[in-house]
Amino acid sequence: MTRLAEYFELTKPKVVGLIVFTAVVGMFLAVPGMPPWQAIVFGTLGIGLAAASAAAINHVLDARIDARMKRTRHRPLPAGKLSEKQASVFAVVLGLLSMLILALAVNLLTALMTFLSLIGYAFVYTVYLKRATPQNIVIGGAAGAAPPVLGWMAVTNTIDPNALLLFLIIFTWTPPHFWALAIARKDDYAKVDIPMMPVVYGVKFTRLHILLYTILLFIVCLLPYFTGMSGLFYLFGAVMLGGGFLYYAIAMMVRDKPELPMQTFAYSVNYLVALFAFLLVDHYL
């Protein structure tokens, strides 16, 4: 049972849960009524397994730096609870299962785009971008923003402009979400020479960019209403939630409290869940 728990930790279940949730919302937004059950079941399973595979690959590729960071040194690989070979085999099996399920039970377009998303996060971001530029999370955020588009494609087998709007929301959300964590873990990233923005340009500069991106996010999240994709119920939620995010971003600019970055990070996660919940409920009103 303990070994199973270690493998489960490799999948980053909280992150994968958020990915799957946004993908499922994308499925329901893709059609006026209920999506086909096959798309929901097999699409969710395939996308979830791909996300879990990418997370496990990330554990393998980051094992050496994880061992030196306070936040990650107790993960299964740096703690010696699993070997890199075991984690690698686990990741490959999950990835292959994901592609088989999506290709055979959903559609080839979803399988292909899910594979590209997996490669983008597990290799392009983790191996290159993360270590190459302070803009790593901005560029690499494209892979993390794909799930609602993948969910939409699982139902319709097409890439729809409204699905790309969901992509844009998560793409814009990712930098202020992650930079808040990067401020809180600045010393850890500096220790392992990962050029996160607060390490390279300082905390004050990063706080400014969190605020600017949060303003941009507020505007982007109004687009579903103004394009006719969503109604007044969603607009109310977007304004209310966006106002809360702006509060935290401004608070970090004017108050130098050490707990604020992690509070902002926590709010950003709840923000995205609640925003997509408003999208889903509004769709059926």
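Relevant structure appears above.
Residues numbered from 1 in each chain as written. Predicted model: local features only at pLDDT ≥ 70, side-chain atom pairs only at ≥ 80, totals over all residues. Heavy atoms only, no water.

1. Considering the packing of aromatic side chains
Taken as a whole, this structure holds 15 aromatic pairs when the rule is applied. Pairing Phe28 with Tyr284 gives two aromatic rings, centres 6.4 Å apart and planes at 75°, and the pair type is edge-to-face. Note that Phe28 is positioned in helix H2 (residues 13-29) and Tyr284 in the segment after helix H15 (260-283), a separation of 256 residues in sequence. Take Tyr284: its relative accessible area is 38%, and that puts it in the partly exposed class. Considering the side-chain rings of Phe236 and Phe278, the 6.5 Å spacing of their centres and the 70° angle between planes classify their relative orientation as edge-to-face. Remark: Phe278 occurs in helix H15 and Phe236 occurs in helix H14 (residues 232-254); sequence separation between them is 42 residues. Through pairs of rings, three or more aromatic residues link up here, namely Phe245, Tyr247, Tyr248, Tyr267 and Tyr271. (Phe/Tyr/Trp six-rings, centres within 6.5 Å; stacked < 30°, edge-to-face > 60°. Helix = DSSP H or I, 4+ residues; strand = E, 2+ residues; numbered from the N terminus. Buried < 20%, exposed > 50% of the residue type's maximum accessible area, 1.4 Å probe, protein only.)

2. Some points on the pattern of salt bridges
Proximity of charged atoms lets side chains of opposite charge pair with each other. Here the structure, examined in full by the defined rule, presents seven salt bridges. For the salt bridge of Lys130 with Asp62, the shortest nitrogen-to-oxygen distance reads 2.6 Å. Pair noted here: Lys130 is in helix H6 (residues 108-132) and Asp62 is in the loop between helix H3 (37-61) and helix H4 (63-66), with a separation of 68 residues, a long-range link. Exposure remark for Lys130: the relative accessible area of 10% places this residue in the buried category. Given a relative accessible area of 1%, Asp62 falls into the buried group. Between Arg64 and Glu84 there is a salt bridge, with the nearest N and O atoms lying 3.0 Å from each other. With Arg64 in helix H4 and Glu84 in helix H5 (residues 84-106), the pair connects residues that are 20 residues apart, well separated along the chain. Taking the relative accessible area as the measure of exposure, Arg64 reaches 61% and is therefore exposed. It is possible to trace a salt-bridge network through shared partners that takes in Asp62, Lys130 and Arg131. (Salt bridge = Lys/Arg side-chain N within 4 Å of Asp/Glu carboxyl O.)

3. Brief notes about a nonpolar patch on the surface
Together, Leu208, Leu212, Ile215, Ile219, Ile250, Met253 and Val254 line one region of the surface with nonpolar side chains, adding up to about 600 Å² of accessible area. Mapped by element, the contributors of at least two residues to the nonpolar patch are helix H12 (203-220) and H14. Element by element, the count of residues in the nonpolar patch is highest for H12, at four residues. Topologically, Leu208 is positioned in helix H12. (Patch = residues over 30% accessible without salt bridge, like charges linked within 9 Å, V, L, I, M, F, W, Y side chains within 5 Å. Areas by Shrake-Rupley, 256 points an atom, 1.4 Å probe, with all protein chains shown as cover.)

4. Some details on the environment of Thr214
The residue Thr214 is located in helix H12 in this model. Judged by relative accessible area, Thr214 falls into the buried class, the value being 2%.

5. Here we look at the packing of helix H7 (residues 136-144) against helix H9 (residues 161-184)
Viewed as axis vectors pointing N to C, H7 and H9 meet at an angle of 130°, and their least axial separation amounts to 9 Å. The orientation of H7 relative to H9 falls into the category oblique. Read as a crossing pair, H7 and H9 show a hand that is right-handed. From H7, Ile137, Val138, Gly141, Ala142 and Gly144 reach across to H9, where they touch Phe167, Ile170, Phe171, Thr174, Pro175, Phe178 and Trp179. (Axes fitted to C-alpha atoms, helices over the stretch in contact; angles between N-to-C directions. Parallel < 35°, antiparallel > 145°, perpendicular 65-115°, else oblique. Left-handed = near helix turned anticlockwise from the far one by under 90°. Contact = heavy atoms within 4.5 Å.)

Fair warning: the whole summary comes from geometry, so function is off the table for now.
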